[in-house]
Every structure is written in C-alpha cells, then in structure tokens.
Amino acid sequence: MNQDWVVVADDLVKTYKMGEVEVNALQGASVKIARGEVVSIMGPSGSGKSTMMNILGCLDRPTSGEYMLDGEVVANMTDDQLASVRNRKVGFVFQSFNLLSRQTALFNVELPLRYAGQVENRRQRAADALKAVGLEDRMTHRPTELSGGQQQRVAIARAIVNEPAIIMADEPTGNLDSKVGKEIMQLLLNLNKERGATLIIVTHDPVIAAQTQRIIKLRDGMVEDENMQNGGVQ
Amino acid sequence: MNLSQAILEALESLSSNKMRSGLTVLGIVIGVAAVIAMLAVGTGAQDSITGSISGIGTNLLFVFRGGGRMGGGTEVRNPKPLTLQDAAAIADPFAAPSVELVAPVLQDSLIVSAAGQTTTTNVSGVTPDYFPLRNYTLTEGDVITEEHLLGRASVAVIGPETADTLFGRRDGLIGEQITIEGQPFRIIGVLTAKGGGMFGSEDNQVLIPYSTAQTRLIQRRTRDQVDMLLVQVVDSESVPSAVEEVSAILRTRHRTEIGADDFTVFSQQDFLSTAATITSVLTIFLGGIAAISLLVGGIGIMNIMLVSVTERTKEIGLRKALGARKRDILTQFLTESSLLSLFGGIIGIAFGWLIAFIVEKVAIASGTPFYPRIGLDAILLATIFSAAVGLFFGIYPANRAANLEPVEALRYE
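Residues numbered from 1 in each chain as written. Chains lettered and ligands numbered in written order. Predicted model: local features only at pLDDT ≥ 70, side-chain atom pairs only at ≥ 80, totals over all residues. Heavy atoms only, no water.

With that settled, the discussion passes to the nonpolar core. Counting 75 residues, the largest nonpolar core has Val-7, Met-52, Tyr-67 and Ile-166 of chain A as the members making the most contacts within it. Counting residues per element, this core draws most heavily on helix α2 (residues 18-54) of chain B, at nine residues. When sequence neighbours within four positions are dropped, the list of residues in contact with Val-7 of chain A reads Val-31, Lys-32, Ile-33, Leu-56, Tyr-67, Met-68, Leu-69, Ile-166 and Ile-200 of chain A. Of all hydrophobic cores here, the second largest spans 44 residues; its members include Ala-89, Ile-90, Phe-185 and Ala-242 of chain B. (Core = buried A, V, L, I, M, F, W, Y, C linked by side-chain atoms within 4.5 Å. Buried < 20%, exposed > 50% of the residue type's maximum accessible area, 1.4 Å probe, protein only. Helix = DSSP H or I, 4+ residues; strand = E, 2+ residues; numbered from the N terminus. Contact = heavy atoms within 4.5 Å.)

Okay, structure coming up:
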C-alpha cells in the first residue's frame, strides 16, 4: 500500500537523567501517521505520552531513533532548525490555551506568522483563521475578555494559521466543561474534514479518543496497541 | 521579527507593568542625571578658575622668596629676601631681554577705615608699572605715579568693593580721606570691578605708593626687601626664556648653589596647568562617583529583567513552540532592557540639565557667578553609557531566556 505518511517515527528512545538514575520515557516506540488522519494518543501517566508528544511536535529530540516529519528528518536538528520546523509544520493546541494575555486575539494568531518572517497578508491570514474557528467578531478582544471555549478557538486558529502538516492537541478539552469541550472537539474534526489537517490528540478521555480514527496506546514507553476504528487507514 | 515590531512589543510589555518599569528607569535616571550634572559642574568650575587666572593679567611671572618650585624641589634654608635691587637687575633689558616690566610688591592685611566704617583688607605698596601689568583700569581718578613714589605721598587707589564697604558708593570718592592703620590717605582713584578671583577678590584692596608702604606701613626686616616681584614678559612665546633669564639673574645675585634656588618663579601658565589638573581630576572624580550610581541602575535593570524572564518562562516556552528562534527571544528581551535604559538616559539628561541650571542659579544668588556647562560630549557619553548599561546588563537575562528548553518552559507554572 503506497501511503502518504506525514509522521514516520521509528524505534524512538528517550532517556532522561534524573541525578544518578536514568529514566527511560520511551523505549523503542514506532508510530506512523498518514496525511489527513485523526489519531489519538492515550496511556496512563508515566507511559511516555507527553514525551511522545514533545518529540512528534519537535519540541524535543529523541535520544535515539528516526523521526521524519512531512519529509524532513528532524531527529538531529539544531535548536533553531527545530524552531523553524515547528513554525512551518506543527500547530499546537494546549490544555491551558497559552495565549498572550496582553495581546488581542488577532495578534495571538499572527504570532506564528511573525516568527515565520511573513509580512504580507499577515493580518488577512490571521483574520481568515479566526473566521474559520467562528470568531470573526472577536478579533480585537483580549483573552481576558473571552470565555474558555473562545480562548481555545483562538488557540486553534493560531495552530492552523501557518497551514501546518500536523496539529498537536494536548488535552484540548481538559480545561473546558463537557458541552464546550464537545464543541471544540467538533471544531477540530471539522477542520480535519474541511482542510484535511492531520490531527494528533493526546488525551486521557476515552470519549475524546473514541471520536478519532485510530487510538495509539502507550504503556511503559512502548506502543502497546493500535486500535483501528471509525474507518482508519491501516 | 523586525526591529520596529520588537520595539512595539517591548513597549507594550513594559507599559503593562508601569510601576516596575518606572522604578527601574528611575535608577538609570538618577545615574545619568548625576553624571550629566557632575560633568557640567566640573567643567563650569574649570571654566571659572581658568577665567579668573587669565584675569590676573597676561604673560605674567610671579617671583617669590623661598626655594622649591611648586610641585617639587627642595626647601632651602635661610633664603635671601628678594630686594628692590633684584627688581632693578631683572628690569635690565640686556640681562633679561624677554622681560618687559617688573613691579615689586609689598603686601599686608591692614585695618582701613573711613567715615566711621572699618574693615580689614589687603594693602599693597606698588609702583606705576603695577597697573598696566595687572590690566587694572580706573572708573575715576588717576593711578599712582612716579611723583607719588618720590614724594612718598599719602595717596591711595581703592577697589570698588572696598569703596562699597567704606562709603557705600563707588563714585565721587576722589579727594575723600581714608585711614590705614591710623594714618590718613587721600583717595586718588577707584579701580574698575573685575569680579571674584581664586585668590580673593581683586575688587577688595587698597593700592598705595611703594615707597610710602615701605617707610610707613609695611616694614620688613631689611630695608629694600619686597614680598613679591611681578614680571611681565614681552609675549607668551617668551615665557620659558623669561623664566630662565630671571632665574639666572637671581642665582647670580643670591650666589645660590646649583639646584638650590632660594626663590620661586611661577608663570601664569603654571597656574593654569596646575588648576587644569586639579579641576580635571575633580571632574573625573565627580563623574566617577556618578558613574557608580549609573552602574547600580544597570544592576537594577538586570534584576528586573531576571524577574521578568522567570515570570514569563511559560510565555517564552509558548513563543518557542510557535517557532521563535533563540535570536528572536534574545532580541525581545534586549529590546526591553535597552528601551528601559534609553528612557532613563533621556529623562536623566533632562534632569541633569535641570540640576546644573539650579546650581547655576544658586551660585549666582550667593554672589559667585559660576556657569555649569553641559557639553555635547557629556550628553553623548551619558547616552552611550546608559545604552551600553542596558545592553550589557540585559545580555545575561536575555540569554537565559533564549536558552530555555521549550519543553521545560511550557511545563513551568
């Protein structure tokens, strides 16, 4: 099967040194994710879930193993090269939104474009992204003037503004009540459907995971199980 | 991100915590203001001292009894006094071609009174040459002449301040009587006001004929002894040769051993350079102390920036996650610290200017005209120094921010 893989991670190992003790957060995990797929990563705490997300999101490098993101080999890049990859290919959605509280929604969404050195159409593209998440009438509001759901929408707009290869969502509904959480989840799935964005959701919540096409279960730093559901590709 | 964006963002960030930014800026303001004010006062002092030395008269040599030039030489025992004969020898145009005029002076502080008022002031016995030599002019009356000398006349030329003290006015004094140590003198002239000098006011003195002073008021151990010889040199280029000529004549006349002169020749240039050395040391000293406060202000900036970096660790992590490179974060924090110190510098210059202005007003009000001068060099120095302080003390915190690990920073609460 000739598949268009956007994430190809092979035999990832990540070892942290905590003083004298070495902790193996990942012990040879391999993951492949196809373009346009919706995947959730689950696992109990200590399973290496966060480490996996950090490495797939290019925030961190594996101790050993291969990782290719959208055709670029990123395992041995320098900090600044990784920053550039994150800027172009990864959109982050965090549990606690992580917006700049002093700046407007528009400025927050523009931020990745600023770091990309994009000058032309910056405002327009940010406005379009906000429109895509349904916040066209909240552009000049600051995060403190927005509800939690609206803040997460701003964060999602920020994640898609650079048209990244993958969207990494870390417990995107964790700080929201279930009704708003459902809306956010729906928004993410719609973006996947309409824009073909590859979605990787890290979550504890089986209800969230159930809405994805595939669940990657981690245990003790290894991929324990890959459940196909909802018409997954493998 | 380009620079103007960085500056805008830094401004927003600084204005979001106005109190803290303001206090940090204050440290720099005080430092820069102190540097500006101290340099201005120092330069002003230098100007006023050089001005008053130049006002003594041009191309002058002062010859005193006693060995050891200022700033070196050995003290000679039993120095021979300077005499009128020494003065005559120096005045010889063949022995000392560089010398134009020689004026012997006898000087003492004496009690002068008139019209019921009494004061103690400098009384000098002088010759007619003394007036052109010191650039003295009169507002009214006549100077002391050869006739007065020959006749040991009881006449006096008084300074305007002395006139104020004794009579309460400066004009219409010709022919008035004053008494010096109980002896009556007739006023024949009043000096033009010169303003304060570094050796006491030249406006507060009484000049009488040399011969009168010698015989009746200022008696010295030997008859022809003088307190000081003033020598005018033909032009400023001849000052060094005049010093040599005068020294040679006096060495011969006093039969001193080589290297053990029992007199001192001091030129106006010596005074000027000594004064310049003293005042520039003073200026550097004052400026140095002020610079320390600027340094303290810089440490304040570093402190605040470190707090700010810690406080915004999560924001830094987020920015890095969104693709900020080390350089971007570095620029962001350096811009903030530089802006802080730049504001401090600008306000400090204005503030220092104000201090200098107040010093000037106070000096004028207290009767010592003194003009602090703020040079372009001082402003440039303060601006560059304060910007450098901001950059230097910003580098460490900014580096710390730039080198944060994105994973760690994002996790920070």
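From this point, the discussion proceeds with the structure in view.
For the rest of this paragraph, the subject is the environment of Ile-208 of chain B. Residues and elements named next belong to chain B. Along the polypeptide, Ile-208 turns up in strand β9 (residues 205-209). For the pair Ile-208 and Leu-149, spaced 59 residues apart in sequence, the C-alpha separation works out to 9.2 Å. In contact with Ile-208, not counting residues within four places along its chain, are Val-123, Ser-124, Gly-125, Val-126, Ile-144, Val-155, Ala-156, Ile-180, Phe-185, Ala-213 and Leu-217.

All right, on to the pairing of strand β3 (residues 99-114) of chain B then. Residue and element names in this part refer to chain B. Note: β3 against strand β11 (residues 228-233), six bridges, orientation antiparallel. Bridging across to β11, Pro-104 finds its partner in Leu-229. If you look at the hairpin formed by β3 and strand β4 (residues 117-126), you'll find two residues sitting between the two strands, and Ala-115 has a positive phi there, around 50°. The pairing of β3 with strand β7 (residues 177-180) spans two bridges and is classified as antiparallel. Along β7, the bridge assignment pairs Ser-113 with Thr-179. (Pairing = 2+ DSSP bridges.)

Residue and element names in this part refer to chain A. Spatial ordering of the open sheet is given by β2-β1-β4-β5, a layout of four strands whose pairing is antiparallel. Each edge of the sheet is formed by a strand with only one pairing partner; in this case those strands are β2 (21-34) and β5 (72-73). Sheet analysis places strand β1 (residues 5-18) next to strand β4 (residues 64-69), joined by five bridges and oriented antiparallel. Looking across to β4, one finds that Val-13 is bridged to Ser-64. Against the sheet, helix α1 (residues 49-56) makes contact with β1, β2 and β4, and its axis sits at roughly 125° relative to β1, the strand it touches most. (Axes fitted to C-alpha atoms, helices over the stretch in contact; angles between N-to-C directions.)

Accessible area lost during the coming together of the parts is what is often quoted as the interface size. If you look at the interface, chain B gives 23 residues, while chain A gives 22 residues. When the buried surface of chain B facing chain A is broken down by residue, Leu-318, Leu-322 and Val-407 of chain B rank first, second and third, together holding 26% of it. Across the contact surface, chain B and chain A share two salt bridges. The partner of Arg-102 of chain A in a salt bridge is Glu-315 of chain B, with the nearest N and O atoms 3.7 Å apart. Linking chain B with chain A are six residue pairs in polar contact (both at pLDDT 80 or more). Secondary structure elements with two or more residues in the side of chain B that touches chain A: α1 (3-15), α10 (313-321), α11 (326-365) and α13 (406-411) of chain B. Element by element, the count of residues in the side of chain B that touches chain A is highest for α10 of chain B, at six residues. Its residues assigned to classes, the side of chain B that touches chain A shows eight nonpolar, five polar and ten charged. (Buried area = accessible area lost by both parts, 1.4 Å probe. Salt bridge = Lys/Arg side-chain N within 4 Å of Asp/Glu carboxyl O. Polar contact = N/O pair within 3.5 Å; in protein donor to acceptor, adjacent residues only side chain to side chain. Nonpolar A, V, L, I, M, F, W, Y, C, P; charged D, E, K, R; others polar.)

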